[in-house]
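The lines below spell out each chain.
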Amino acid sequence: MPLLAIPFPAVDPVIFSVGPFSVRWYALAYIAGLVGGWLYARRLIGSPGLWGPVRAPTRTDLDDMLVYVALGVVLGGRLGYVLFYNLQEYLADPLSVFAVWRGGMSFHGGFAGALAGMWLLARRRGLAPLSLFDLAGAVAPIGLFLGRIANFINGELWGRPAPDLPWAVTFPHAAPVPRHPSQLYEALAEGVLLFIAVSIAVRVAGFRRPGAVSGVFAMGYAVARIGCEFFREPDPQLGFLAGGLTMGMLLSIPLFVAGAALLWLALSGRSLPQGEKTA
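Not measured: the values here are computed from a predicted model.

Asks: Give me the lowdown on the overall build of the protein chain, citing residues and values where you can.
Replies: Per the secondary structure count, the protein chain includes eight helices and four strands. Secondary structure elements in the protein chain, listed N-terminal to C-terminal, are β-β-β-α-α-α-α-α-β-α-α-α. The C-alpha radius of gyration of the protein chain comes to 20 Å, within 12% of the 19 Å expected for a compact globule of 279 residues. Taking the principal axes of the C-alpha coordinates as reference, the protein chain spans close to 65 × 45 × 35 Å. Counting the 279 residues in the protein chain, one finds 44% classified as buried. Sequence-distant contacts, at least 24 apart, represent 69% of the contacts inside the protein chain between residues at least 6 apart. Carbon and sulfur atoms make up 71% of the accessible area of the protein chain, which amounts to about 14,200 Å² in all. Positive and negative side-chain charges of the protein chain, numbering 20 and 15 respectively, have mean locations separated by a distance of 11 Å.

Asks: Give a detailed account of the packing of helix 6 (residues 182–205) against helix 7 (residues 212–229), specifying residues and quantitative values.
Replies: At a minimum axis distance of 9 Å, the contact between helix 6 and helix 7 shows a crossing angle of 160°. Taken together, the axes of helix 6 and helix 7 are roughly antiparallel relative to one another. Between helix 6 and helix 7 lies a crossing whose hand is right-handed. For the pair helix 6 and helix 7, contact is made by Tyr 185, Glu 186, Ala 189, Glu 190, Leu 194, Ala 197, Val 198, Ala 201, Val 202 and Ala 205 and by Ala 212, Val 213, Val 216, Phe 217, Gly 220, Tyr 221, Ala 224, Arg 225 and Cys 228, respectively.

Asks: So, the packing of helix 1 (residues 25–45) against helix 2 (residues 59–84): which residues are in play, and what are the values?
Replies: Closest axis-to-axis distance for the helix 1/helix 2 pair is 10 Å, and the angle between their directions is 150°. Here helix 1 lies roughly antiparallel to helix 2, going by the angle between them. Between helix 1 and helix 2 lies a crossing of right-handed hand. Along its contact with helix 1, which presents Tyr 30, Leu 34, Trp 38, Ala 41, Arg 42 and Ile 45, the element helix 2 presents Arg 59, Leu 62, Asp 63, Leu 66, Val 69, Ala 70 and Val 73. Within the contact of helix 1 with helix 2, the residues separate by chemical class into ten nonpolar, no polar and three charged.

Asks: Explain helix 7 to me, and be specific about the residues and the numbers.
Replies: Across its 18 residues, helix 7 extends 26 Å between first and last C-alpha, which sits within 8% of the 26 Å expected from 1.5 Å per residue. For helix 7, a buried count of 13 out of 18 residues is recorded, marking the element as mostly surrounded by other parts of the structure.

Asks: I'd like a description of the environment of Val 213, backed by residues and values.
Replies: Inspection of the secondary structure assignment puts Val 213 in helix 7. In this structure Val 213 comes out as buried when scored by relative accessible area, which is 0%. Residues Val 213 and Ala 189 lie 24 residues apart in sequence; the distance between their C-alpha atoms is 17 Å. With residues near it in sequence (within four places) discarded, Val 213 still touches Asp 134, Gly 137, Ala 138, Val 198, Ala 201, Val 202, Gly 206 and Phe 207.

Asks: Lay out the packing of aromatic side chains in plain terms, naming residues and giving numbers.
Replies: A complete count under the given rule lists eleven aromatic pairs for this structure. Between Trp 51 and Phe 207, the ring centres sit 4.4 Å apart and the planes meet at 25°, which makes this aromatic pair stacked. Of this pair, Trp 51 sits in the loop between helix 1 and helix 2 while Phe 207 sits in the loop between helix 6 and helix 7; the two residues are 156 residues apart in sequence, bridging distant segments of the chain. For the pair Trp 51 and Phe 207, one class covers both residues: buried. With 5.5 Å between their ring centres and 85° between their planes, Tyr 185 and Phe 231 make a pair best called edge-to-face. Of this pair, Tyr 185 sits in helix 6 while Phe 231 sits in the loop between helix 7 and helix 8 (247–268), placing them 46 residues apart in sequence.

Asks: Tell me about the side chain of Glu 229, and name the residues and values.
Replies: Here Glu 229 shows up in helix 7. Residue class for Glu 229 comes out buried when judged on its relative accessible area of 4%. Once residues lying within four places of it in the same chain are set aside, the contact partners of Glu 229 are Arg 160, Thr 246, Gly 248 and Met 249.

Asks: So what's going on with the pairing of strand 2 (residues 14–18)? Which residues, and what values?
Replies: The pairing of strand 2 with strand 3 (residues 21–24) spans four bridges and is classified as antiparallel. From the neighbouring strand, Phe 16 faces strand 3, where its bridge partner is Val 23. Between the end of strand 2 and the start of strand 3, which pair antiparallel, lie two residues, with Gly 19 showing a positive phi angle near 60°.

Asks: Hey, could you go over the nonpolar core for me, with residue numbers and the actual values?
Replies: Core analysis: the biggest nonpolar cluster contains 35 residues, and Leu 44, Met 65, Met 118, Leu 135 and Phe 207 have the highest contact counts within it. At the level of secondary structure, the elements contributing two or more residues to this core comprise helix 1, helix 2, helix 4 (107–125), helix 5 (129–154), helix 6 and helix 7. The element best represented in this core is helix 5, accounting for eight residues. When near neighbours in sequence (up to four residues on either side) are disregarded, Leu 135 contacts Ala 41, Leu 44, Ile 45, Trp 51, Pro 57, Leu 62, Met 65 and Phe 207.

Parameters and conventions
Residues numbered from 1 in each chain as written. Predicted model: local features only at pLDDT ≥ 70, side-chain atom pairs only at ≥ 80, totals over all residues. Heavy atoms only, no water. Helix = DSSP H or I, 4+ residues; strand = E, 2+ residues; numbered from the N terminus. Rg over C-alpha atoms; globule rule 2.2 N^0.38 Å. Buried < 20%, exposed > 50% of the residue type's maximum accessible area, 1.4 Å probe, protein only. Contact = heavy atoms within 4.5 Å. Areas by Shrake-Rupley, 256 points an atom, 1.4 Å probe, with all protein chains shown as cover. Lys, Arg positive; Asp, Glu negative; His and termini not counted. Charge placed at Lys NZ, Arg CZ, Asp CG, Glu CD. Axes fitted to C-alpha atoms, helices over the stretch in contact; angles between N-to-C directions. Parallel < 35°, antiparallel > 145°, perpendicular 65-115°, else oblique. Left-handed = near helix turned anticlockwise from the far one by under 90°. Nonpolar A, V, L, I, M, F, W, Y, C, P; charged D, E, K, R; others polar. Expected span 1.5 Å × (residues − 1). Phe/Tyr/Trp six-rings, centres within 6.5 Å; stacked < 30°, edge-to-face > 60°. Pairing = 2+ DSSP bridges. Core = buried A, V, L, I, M, F, W, Y, C linked by side-chain atoms within 4.5 Å.

Okay, here's the thing in structure tokens:
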């Protein structure tokens, strides 16, 4: 092992097992992220000053939103991975699509699934979809942070070789060379820094201008993901795409554009429900 390499911490990805049933850190990260976001969202909907003339979701709406988002994240995340990251393999063995215990989730697919779930809930409850998007954008970095920490514990989605980096890590499932701990970079950028950015948006604009918080979230995530992709090893079945781009970069570009459009609509007042005005 190179002298500069930090040995990978021996953390069992399985927390405990009871017979054939196992609880893994990755699953716990999903659950903790959803529950942590739900608790924080309860505080946000309980602050009338953040909403102004915009109708805030009730606690019942929020409880149901948790279910819709959870289903959307799981279904969309899996479908996104199948379509964008490993389509040929799943076409050869379609039943393996359902083998979720083998891993394979896409953030961008999960994001689209969560949006679809919130849009459906908003239509059923007579809420503005952008208001639910804003609420989700305010709390999503909590789950992103925990998810990237779980990626590191699993020793997956590792970084590119960095033999001279003092904090490089040798991952057990990768080639025995020191690598960027890119999962931790993403936990910092997509979790901590993005949470700070959306928190500032909540403090400045609140939810009075629908689309402002979700716009900041989408743009911030896209910038964070593209930046971290420079240190992350591309998926082996895809490698580098045209121009040295990775799939993560490519999918983040339209996300940034959509976020910029949402922020423009919010700041121009065009996203407000008809008849509602705000200063």
